[in-house]
Amino acid sequence: KDYFKDKVHWNYLKCNGVSLPESYQFFGEQILNMDVRDDDIWVCSFPKSGTTWTQEMVWRIANDVNLELELEDIALRFPSLEVSLTYGFWELKSKNPDIQLPDHISNSVDYVEKLPSPRFIKTHLPFKLLPLKLQQNKTNAKIVYVVRNPRDTCVSFYHHYKLLVRYNKDFEKFCEMFLHGCLKYEPYWENVLGFWNQRHNPNILILKFEDMKKDLRSVLIKTANFFGKNLTEDQIQKLIVLLSLQNMRENRSINQEPFIEIYKKWFPVNSEGKFIRCGGIDQWKADMSPEMIEKFKKWEKENLVGTGLTL
Ligand code: A3P
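What comes next is a walk through the structure. (Residues numbered from 1 in each chain as written. Predicted model: local features only at pLDDT ≥ 70, side-chain atom pairs only at ≥ 80, totals over all residues.)

## Points about the pairing of strand S5 (residues 120-123)
Next up, step 1: Burial along S5 is two-sided: Phe120 and Lys122 facing one way and Ile121 and Thr123 facing the other are all buried.
Next up, step 2: As paired strands, strand S4 (residues 41-45) and S5 are joined by four bridges and run parallel to one another. From the neighbouring strand, Ile41 faces S5, where its bridge partner is Phe120. (Buried ≥ 20, exposed ≤ 12 C-beta atoms within 10 Å, placed from the backbone. Helix = DSSP H or I, 4+ residues; strand = E, 2+ residues; numbered from the N terminus. Pairing = 2+ DSSP bridges.)

So, in structure tokens, the structure goes:
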């Protein structure tokens, strides 16, 4: 309980300097102490960095690009560790025990703990709040971290907030909140640099959204090598089609529509947007005012200096 100091917004509070839902207090210890298995595969990121895209790529590669496999919803085969907390489902269920929710939504931490191996796990938690076994490198589990330019991440996050957080203020105000670390899982830099600083660990692979957009082929080969696999030309061609924006948008097992439908049932929102939107680079150029771009430039410079990271 002592973790919670400053109120951030809605039911979010600062925990160890990170914006997290109040219910995190009931799960923080469980997550820190959870068992990590040598064959676990984790995809980590700051929200809206291309996580779902990376999850699908990783899952496909780890499963040898076998198109015969029946595709379950990504939320089941590659669940989010803390989705019950960040979307309020755990609280909802605690207050209304009779409500019927699928296990991966009502208590995602328990769901992930009980998954059979090999487990595929998604999380937006910063490195310092991951299970200790991962932080202390006491396992051969693999982590793929995907990072996206903060300006496009902010634009994407704004649409996400309108779709799933009932945000109804303007974009300018949202950018200010982003820069000041008030949004879910912020600060952005804490998340990005926490993993970037681990980049020399052979069990951690850092990918950039922009590289996936510009040269997916190279990213596929790099990711496969990370998992000790070689892709054939045929597999590469199949993956490029499977991972295209259009295919991901249309495929219900990947496009997060089942999750959005459950969310909207319990937390009504008016917004009609899609989870997989335009997936572009440099959208910020059209959306941000010149003054806001200057603020971002200054903030990026201050935070990137000396890190060796370019975005
Ligand atoms: P936009 O909102 O900019 O379109 P996350 O999965 O981390 O929430 O990231 C979501 C972002 O990744 C969205 O960005 C979404 O459109 C983009 N995305 C998802 N699949 C993609 C793909 N196959 N190609 C390009 N972008 C993709």
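Here the narrative resumes, following the displayed structure.
## Some words on unusual backbone geometry
Next up, step 1: Cis geometry marks the peptide bond from Ser117 to Pro118, where omega comes out at -5 degrees.
Next up, step 2: Looking at where Pro118 falls in the secondary structure, it is placed in the loop between helix H7 (108-114) and S5.
Next up, step 3: Looking along the chain, the bond that leaves Glu186 and enters Pro187 is cis, with omega of 10 degrees.
Next up, step 4: Within the secondary structure, Pro187 is located in the loop between helix H10 (171-179) and helix H11 (188-196).
Next up, step 5: In this model, Lys48 sits at a positive phi of 70 degrees, which is unusual for a non-glycine residue.
Next up, step 6: Looking at the secondary structure, you find Lys48 in the loop between S4 and helix H2 (51-62).
Next up, step 7: Classification of Lys48 by C-beta neighbours within 10 Å gives buried; the count is 22.

## As for the site of the ligand
Next up, step 1: Within the structure, the ligand sits among 21 residues, and Thr51, Thr52, Ser156, Arg277 and Gly279 are positioned closest to it.
Next up, step 2: Within the residue set of the shell around the ligand, elements represented by two or more residues are H2, helix H9 (150-164) and helix H15 (245-250).
Next up, step 3: Its residues placed into classes, the shell around the ligand shows seven nonpolar, 11 polar and three charged. (Near = placed C-beta within 6 Å. Nonpolar A, V, L, I, M, F, W, Y, C, P; charged D, E, K, R; others polar.)

## Digging into the sheet that holds strand S7 (residues 204-208)
Next up, step 1: Reading across from one edge, S5-S4-S6-S7 is the order of the four strands in this open sheet, with parallel pairing throughout. Lying at the two open borders of the sheet, with one neighbouring strand each, are S5 and S7. The average angle at which neighbouring strand axes cross in this sheet is 20 degrees, direction not considered.
Next up, step 2: Each of S4, strand S6 (142-147) and S7 is contacted by H11, which is oriented at about 130 degrees to S7, the strand it contacts most. (Axes fitted to C-alpha atoms, helices over the stretch in contact; angles between N-to-C directions. Contact = placed C-beta atoms within 7 Å.)

## A short note on the nonpolar core
Next up, step 1: Membership of the largest hydrophobic core comes to 59 residues, with the highest contact counts inside it found for Trp42, Ile143, Val144 and Tyr145.
Next up, step 2: Ranked by residue count, the leading element in this core is S6, at five residues.
Next up, step 3: In this structure, Tyr145 is in contact with Cys44, Ser45, Phe195, Ile204 and Ile206, ignoring residues within four places of it in sequence.
Next up, step 4: Listed in part, the 15 residues of the second largest apolar core include Tyr161, Val165, Met177 and Leu183. (Core = buried A, V, L, I, M, F, W, Y, C linked by C-beta atoms within 7 Å.)

## Here we look at the environment of Leu231
Next up, step 1: Mapped onto the secondary structure, Leu231 falls in the loop between helix H13 (216-226) and helix H14 (233-242).
Next up, step 2: Counting along the chain gives 167 residues from Leu231 to Asp64, while the straight-line C-alpha distance between them is 8.3 Å.
Next up, step 3: With residues up to four places along the chain from it excluded, the contact list for Leu231 reads Leu220, Ile221, Ala224 and Ile236.

## A few points about H9
Next up, step 1: Taking 1.5 Å of rise per residue, 15 residues should cover 21 Å, and H9 covers 20 Å from first to last C-alpha, within 8% of that figure.
Next up, step 2: Taking burial as the measure, the 15 residues of H9 include 14 buried ones, the bulk of the element.
Next up, step 3: Trailing H9 by a residue or two, Arg166 shows a phi angle of about 55 degrees, which is positive. (Expected span 1.5 Å × (residues − 1).)

## Side note on the packing of H13 against H14
Next up, step 1: Contact geometry of H13 with H14 gives a least axis separation of 10 Å together with a crossing angle of 120 degrees. The orientation of H13 with respect to H14, classified from their angle, is oblique. When the axes of H13 and H14 are compared, the crossing they make is right-handed. Residues Leu216, Arg217 and Leu220 of H13 form the contact with H14, whose own contacting residues are Ile236, Leu239 and Ile240. (Parallel < 35°, antiparallel > 145°, perpendicular 65-115°, else oblique. Left-handed = near helix turned anticlockwise from the far one by under 90°.)

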